[in-house]
Amino acid sequence: MSARGRCTPGARTLERQRAVGGPPWALPSGALLAASMAQVAGAIALAVAARDLASGAVYGSASLVTAHLYGLAFLTLAILGAMLQLVPVVIRQSVAGPWPAAGAVTGVGLGGVLLAAGLGTGAAGLIAAGGTLVVAGGALIGAFLVRALWRAWRAGTLGAAGAGIALATTWLWVVLAMGGLMAANRVEPFLATDRLRLIAAHAAVALVGWIGGTIVAVALKLGPMLALAHGHPVAPGTWAMACWNASVPPLALGLLVGAGPLVAAGAALLTIACALALWFTIGVLRHRRRRAEAPIAHLVLGTAVAGGAAVAGLLAALGALDPLEVAVPVALALMVGLGAGVTSGHLFKVVPMLVWTGRYAHLAGIGGAPKLADLYPAPLATAEVALFTPGLAALLAGVAGGVGWLALAGALALVAAALCVVVAVLVVVAGRPRPAAAPLRPAPAA
Amino acid sequence: MTEDEAWAALARVVDPELGVDIVELGLVYGLEVGPERVKVTMTLTSQGCPLHGVIVDGVERALERPGGPDVEIEMVWDPPWDPDRIGSSGRRALGDPTTT
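Residues numbered from 1 in each chain as written. Chains lettered and ligands numbered in written order. Predicted model: local features only at pLDDT ≥ 70, side-chain atom pairs only at ≥ 80, totals over all residues. Heavy atoms only, no water.

## Concerning the overall build of chain A
Part 1 of the reasoning: Across its full length, chain A carries 14 helices and 1 strand.
Part 2 of the reasoning: Computed over the C-alpha atoms, the radius of gyration of chain A is 22 Å, within 12% of the 22 Å expected from 2.2 N^0.38 for a compact globule of 446 residues.
Part 3 of the reasoning: If you line up chain A on its principal axes, its C-alpha atoms span 70 × 45 × 45 Å.
Part 4 of the reasoning: Evaluated residue by residue, chain A yields a buried proportion of 55% over its 446 residues. (Helix = DSSP H or I, 4+ residues; strand = E, 2+ residues; numbered from the N terminus. Rg over C-alpha atoms; globule rule 2.2 N^0.38 Å. Buried < 20%, exposed > 50% of the residue type's maximum accessible area, 1.4 Å probe, protein only.)

## Digging into the overall build of chain B
Part 1 of the reasoning: From N to C terminus, chain B includes 3 helices and 5 strands.
Part 2 of the reasoning: From first element to last, N terminus to C terminus, chain B shows the α and β order α-β-β-β-β-α-β-α.
Part 3 of the reasoning: Taking 13 Å as the expected radius of gyration for a compact globule of 100 residues, we find that chain B reaches 14 Å, a close match to that expectation.
Part 4 of the reasoning: Seen through its C-alpha atoms, chain B measures out along the principal axes to roughly 45 × 25 × 20 Å.
Part 5 of the reasoning: Looking at chain B residue by residue over its 100 residues, the buried ones come to 55%.
Part 6 of the reasoning: Taking the intrachain contacts of chain B between residues at least 6 apart in sequence as the baseline, contacts between residues at least 24 apart amount to 61%.
Part 7 of the reasoning: With the model as given, the accessible surface of chain B reaches about 4000 Å², and the carbon-plus-sulfur share is 47%.
Part 8 of the reasoning: Of the charged side chains in chain B, 8 are positive and 19 negative; the average position of the first set lies 3 Å away from that of the second. (Contact = heavy atoms within 4.5 Å. Areas by Shrake-Rupley, 256 points an atom, 1.4 Å probe, with all protein chains shown as cover. Lys, Arg positive; Asp, Glu negative; His and termini not counted. Charge placed at Lys NZ, Arg CZ, Asp CG, Glu CD.)

## Thoughts on the environment of Arg-92 of chain B
Part 1 of the reasoning: Turning to its location among the elements, Arg-92 of chain B is positioned in helix H3 (residues 88–94).
Part 2 of the reasoning: Among all residues touching Arg-92 of chain B, those that are not within four sequence positions of it are Arg-291 of chain A together with Thr-99 of chain B.

## Looking at the confidence of the model for chain B
Part 1 of the reasoning: Residue-level pLDDT values for chain B average 89, and 99% of them are 70 or greater.
Part 2 of the reasoning: Interface scoring of the predicted complex returns ipTM 0.85; its pTM is 0.88. (pLDDT = per-residue confidence, 0-100.)

## Notes on empty space enclosed by the protein
Residue and element names in this part refer to chain A.
Part 1 of the reasoning: A complete count under the given rule lists 5 cavities of 30 Å³ or more for this structure.
Part 2 of the reasoning: The volume enclosed by the largest cavity comes to roughly 420 Å³.
Part 3 of the reasoning: Forming the boundary of the largest cavity are 28 residues, of which Val-218, Leu-222, Pro-295, Val-342 and His-346 lie nearest the centre.
Part 4 of the reasoning: Those elements that provide at least two residues to the lining of the largest cavity are helix H3 (61–91), helix H7 (195–227), helix H10 (294–317) and helix H11 (323–360).
Part 5 of the reasoning: Looking at which element gives the most residues to the lining of the largest cavity, the answer is H7, with 8 residues.
Part 6 of the reasoning: When grouped by side-chain class, the residues that make up the lining of the largest cavity number 20 nonpolar, 4 polar and 4 charged. (1 Å grid on protein atoms, 1.4 Å probe; cavity = no way out; pocket = protein on both sides within 12 Å on 5 of 7 lines; lining within 4 Å. Points joined across faces, edges and corners; volume = space filled by probe spheres on them. Nonpolar A, V, L, I, M, F, W, Y, C, P; charged D, E, K, R; others polar.)

## Let's talk about the nonpolar core
Part 1 of the reasoning: Grouped together as the largest cluster of nonpolar side chains are 181 residues, with contacts concentrated most on Trp-210, Leu-332 and Val-336 of chain A.
Part 2 of the reasoning: Leave out the neighbours within four places in its chain, and Leu-332 of chain A touches Leu-46, Leu-53, Gly-337, Leu-395, Leu-396 and Val-399 of chain A. (Core = buried A, V, L, I, M, F, W, Y, C linked by side-chain atoms within 4.5 Å.)

## Brief notes about the pattern of salt bridges
Part 1 of the reasoning: Applying the stated criterion to the full structure yields 8 salt bridges over all chains.
Part 2 of the reasoning: In this structure, the salt-bridge partner of Arg-37 of chain B is Glu-72 of chain B, at a minimum N-O distance of 3.1 Å. Of the two residues, Arg-37 of chain B is situated in strand E4 (residues 37–42) and Glu-72 of chain B in strand E5 (residues 70–76); the sequence distance between them amounts to 35 residues.
Part 3 of the reasoning: Note on Arg-37 of chain B: relative accessible area 32%, which makes it partly exposed.
Part 4 of the reasoning: Judged by relative accessible area, which is 6%, Glu-72 of chain B ranks as buried.
Part 5 of the reasoning: Put simply, Glu-74 of chain B and Lys-39 of chain B hold a salt bridge, and the shortest N to O gap is 3.3 Å. Here the residue Glu-74 of chain B occupies a position in strand E5, and Lys-39 of chain B occupies one in strand E4, the gap between them amounting to 35 residues. Residues Glu-74 of chain B and Lys-39 of chain B agree in their burial class; the two are buried.
Part 6 of the reasoning: Shared partners join several salt bridges into a network, and the residues in it are Arg-290, Glu-293 and Lys-349 of chain A together with Glu-17 of chain B. (Salt bridge = Lys/Arg side-chain N within 4 Å of Asp/Glu carboxyl O.)

## Overview of the packing of aromatic side chains
Residue and element names in this part refer to chain A.
Part 1 of the reasoning: The tally for this structure, following the rule as stated, stands at 3 aromatic pairs over all chains.
Part 2 of the reasoning: Between Trp-150 and Trp-153, the aromatic rings sit 5.3 Å apart at their centres with planes inclined by 35°, giving tilted as the arrangement. Placement of the pair is Trp-150 and Trp-153 together in helix H5 (residues 124–155), with a separation of 3 residues, close to one helical turn.
Part 3 of the reasoning: Judged by relative accessible area, which is 55%, Trp-153 ranks as exposed.
Part 4 of the reasoning: For the pair Trp-356 and Tyr-360, a centre-to-centre distance of 6.4 Å together with 50° between the ring planes defines the contact as tilted. Note that Trp-356 and Tyr-360 are positioned in helix H11 at a spacing of 4 residues, about one turn of the helix.
Part 5 of the reasoning: Residue classification places Trp-356 among the buried positions, given a relative accessible area of 3%.
Part 6 of the reasoning: The buried category is assigned to Tyr-360, whose relative accessible area is 9%.
Part 7 of the reasoning: The lysine or arginine in question, Lys-349, covers the ring of Tyr-376, its NZ or CZ lying 5.4 Å from the ring centre. (Phe/Tyr/Trp six-rings, centres within 6.5 Å; stacked < 30°, edge-to-face > 60°. Lys NZ or Arg CZ within 6 Å of the ring centre and 35° of its normal.)

Structure follows, in structure tokens:
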């Protein structure tokens, strides 16, 4: 396959016309900065909730605030912000114009914070306003993604990763629909279903379908690309994505209606998916031709933690463990261990790339630009992983074992890890690294 | 422009993500330098590289000269790029674990 184009000075080659980029770098960077701040808020809320969670009180206001700050204001906002930049690259189709995209991500981010605040304080107005913004923003960007994915399918550029993003987008819509119903039901009860079952099903679709599904789909493409891992085994990744998405309907439906065999089937599929994803990720690591960085470290950790959560869920569904004791550690493992960890690791990579492209791309080929590695905050990335890993372990052990102080210590370490991410993003966005060398020729107007 | 000058210019185009120039990375498959046209046949480390446009623009800028030959870039994916094409100094810079 080749693309040929004549490139006279000042003209665009055919190849460049075909290359599709995302919106201006400030939009996804701003979304990622806001998301990283929301992670700090979520981790603080988690620290407040940690002792309650360890004592088995799962439905407190701090727990609800934690779940929605992490799930919406951090993870969903970060995923959507990164998707604006990455999806055009993966499927070679543009997603949305800058203003509609900005409106949609602002709706999700702001709505997530308002919804969390409303759930924490019980203020119906905040719940209604936040829920409306989240559903509207999420549905809008979901529609943009569906349109782009449809075009990619028609153009033959969808690929396995694109298919995974399409499935994850479907789960996002299911999560938003369920969340909207639950928020309305909280203000004016009309659903006859048990509240805890509804929450469990909502969480399963959000954490496994939307967040986990996106992570697996994006990792299929970016993992080998960033690690320079050519020749790695591809099939385990594709099958991991298929099993991962296949696990969502039985899990959610089983949790909703209280059908143990369905939950067990879903948990078994998720266990297989995690094993395959781990096989794929280790294959990438083994075939990599450069230093391992924070994103791949978090991907390995997150996949392993998700696998442990899936096994615990399977054992609970089979009656070997108490489902009520297992539910919270499993949800935390998926939300924090997989979702927050992998997303944080990714921020260390994607934000420098966005900023470099926005500020220095016009210097490519003529010198004077810093290396992208000069923007990568390696010490902060190392510190983040060093704080996150034991923090997560302590949190999960404390909650699972009913040891409040251990859960609190773990959550505080996660606050520190989240602060590392915020500082790193700020350093990259606001920093001005010294150019690597003087320009060889005067730079043209950017 | 001589062929040596063209290669030297291409060696100033750095893959920003990897921090290694495209010649050292083995991304340049061919170079033809004539009075009217400079043609570069090249690839990228993977299709769908997020920095595709940046690198192509960089090659164009590196070879452009006022009143000089036109620059033609042919992007090919066959043969696919492989990390074994990276030179030894590039591998060391990347921290390639297979480098002893």
